[in-house]
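Understanding the architecture of this molecule
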Amino acid sequence: MSTPLESWVEKNARLMKPERIVFCDGSEEENQRMFAEMVREGDTLELNPKTYPNCYLHRSNPNDVARTEQVTFICSEKREDAGPTNNWMAPEEAKQKMSALCDGAMRGRTMYVVPYIMGPARSPISKVGVEITDSAYVVASMRIMSRMGKVAMERLGSSAEFVPGLHALLDVNPERRFVMHFPEEKLIWSVGSGYGGNALLGKKCLALRIASVMAREQGWMAEHMLILGLEAPDGKVTYMAAAFPSACGKTNLAMMVSALEGQGYRVWTVGDDIAWMQIGADGYLRAINPEAGFFGVAPGTGKHTNPNVMDAIRKNSLFTNVALTPEREPWWEGIESAPPAGMIDWKGKTWDPAQGPAAHPNSRYTVPAQQAPSISPKWEDPAGVPISAFIFGGRRARMAPLVYESFDWQHGVFVGATMASETTAAATGAVGVVRRDPMAMLPFCGYNMADYFGHWLEMGKRIPHAPKIFHVNWFRRDTSGKFLWPGFGENVRVLKWILERVEGRGEAQETPIGYVPTKGGLTLDGLALAPGAVDDLLRVNAADWEPELADTRQFLEKFGERLPKELLEEHHKLAQRFQRSVPA
Ligand code: O2Y
Ligand code: MN
């Protein structure tokens, strides 16, 4: 008798008609075979084995360099269950479309069956997924990003408890590119892209879109959050989880080298992108990082911005769409070394600076998490780490102060639901356009976000020791447009205040938006800030918040009747607090 996995593989083999089927075991020999296959295919090359041992550079199809939200669908039975912020397609229609595209899609090719665990192998919070793919690059990447192969088969046994994911490259044509999620069935089906979030199905598809649905059904949380531990001078580590939209430095914060190390404050990395959290027997929200690696943006990463990752990527790493030096080393803009002569750009051509950057702006490193010098000794703890603080954040030039604490859980949910970031030239070409991205989950929530807010509100009632909720903004500018805060390792000063607030210390003043540090509440010794910068960083300016109130109201109204009334209540309370604070 076939196991559920075998039956599912057979069914899909009948559809995709591969020449051969390989069940991946995750061994080092198999990994070497994958890289040999990728090198043979011509889009991958080995890097300098002396300076970057066991490292490879892969060049994706230039039409396939990022996640594509416009072709990402939530295929729930009812359109309203996907909500106003997701693309929706009826499941039957989606399946017909995908079956037609996949009929014979692997003819003459290998079908790899990739069993994997999202989360530590023995954690009760972890989940098994199986990805069918015809891409050796996906297999090699999944081996870094998850616990892949034999270990996953041992956990799965003959059970049917796995999240199935189908992936086929087809002809890597944007016209035939779709990433479909079937939340009722917990199925993922992606075609036409070999890149990142579209193709490594354990990451955004399973660990966020499908897991967010499971989390709501089962009473836990799947969030787009980094997890870090802040060690204090007495050795106690306090864990925090933080959600920022893209391009706000999540990986850098998670891997920060603390500017207060001399005072005994150190940051430990548990995860840089995703957190799965369940209420533990001790009443704390316990978080695991479902991933086993970091898939980080290369440009802008250097010895100053993220020394820990620069150390980590010197071995066993897979680079995608970065440039190549004549020494066969990876290079990108912001690596903090001058571009050498004779560079090859991300498309494999001699680099001409007049034609654009050498590395693609979304080029990536894929590196095992355990190679980070900052990796927490608890990062694989099956019980997870207890979360004491949630931190939301965005890139706001004027409005939001450096840090503030919400009044309570319900207010914190409102802060997360209305969080936003202003676009940078690098991201869109248009500077300063406000994009609302609730809890940084807008592209990753597998169901109606109004219900997602409801789930957050419910969780708050159930967690005996609920995390306190904060908001940070590293990107406030002065009137001449200069950043007021240095960021990077200095951000630990803000984490220290958060830690003190968690412990019932930390000086704060009450403002209409929440508790803001007093000037003396932040540890600023040894930091040369411009005169008046601290006041500017901590100011809550009613005039700036007026348009924000109008904009957040409009955003929340998008969710109609389904929006929990508590959020409109919080909006009303915020407006009232401002009214009371402004002299008539
Ligand atoms: O463009 C992609 O496919 C990658 S997107 C990504 C990668 C790592 C972590 N986060 C993200 C994201 O978009 O949030
Ligand atoms: Mn992310």
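Below, the structure is looked at part by part. (Residues numbered from 1 in each chain as written. Chains lettered and ligands numbered in written order. Predicted model: local features only at pLDDT ≥ 70, side-chain atom pairs only at ≥ 80, totals over all residues. Heavy atoms only, no water.)

The next point concerns helix α10 (residues 409–417). Among the 9 residues in α10, 8 count as buried, and that is most of the element. Those residues of α10 that fall on the buried side of the exposure criterion are W409, H411, G412, V413, F414, V415, G416 and A417. For α10, the N-terminal cap is D408; the gap from its side-chain oxygen to the backbone nitrogen of Q410 is 3.3 Å. (Buried < 20%, exposed > 50% of the residue type's maximum accessible area, 1.4 Å probe, protein only. Helix = DSSP H or I, 4+ residues; strand = E, 2+ residues; numbered from the N terminus. Polar contact = N/O pair within 3.5 Å; in protein donor to acceptor, adjacent residues only side chain to side chain.)

Taken together, the 4 bridges between strand β28 (residues 508–511) and strand β29 (residues 514–517) define a ladder with antiparallel strand orientation. Its bridge partner being in β29, T511 is matched across the sheet by G514. Hairpin remark: β28 followed by β29, antiparallel, with 2 residues in the connecting loop. (Pairing = 2+ DSSP bridges.)

This part takes up the nonpolar core. Nonpolar side chains tend to gather and get buried jointly when the protein is soluble and globular. By size, the foremost hydrophobic cluster in this structure holds 158 residues, and its most contacted members are W276, F319, F390, W456, L495 and I498. With 9 residues, the single largest contributor to this core is helix α7 (residues 202–218). Apart from the residues lying within four places of it in its own chain, the contact partners of W456 are M221, E223, M225, F390, F392, W409, V413, M439 and I469. Formed by 31 residues, the second largest nonpolar core is a distinct cluster that contains A13, A94, W189 and V191. (Core = buried A, V, L, I, M, F, W, Y, C linked by side-chain atoms within 4.5 Å. Contact = heavy atoms within 4.5 Å.)

A word on the packing of aromatic side chains. In the structure shown here, the tally under the stated rule is 20 aromatic pairs. Both rings, one in F392 and one in W456, keep their centres 5.8 Å apart while their planes meet at 50°; by these two values the pair is tilted. Taken together, the residues span a long stretch of sequence, with F392 in strand β23 (residues 385–393) and W456 in helix α12 (residues 449–462) at a distance of 64 residues. On the basis of relative accessibility, which here comes to 0%, the residue F392 falls in the buried class. (Phe/Tyr/Trp six-rings, centres within 6.5 Å; stacked < 30°, edge-to-face > 60°.)

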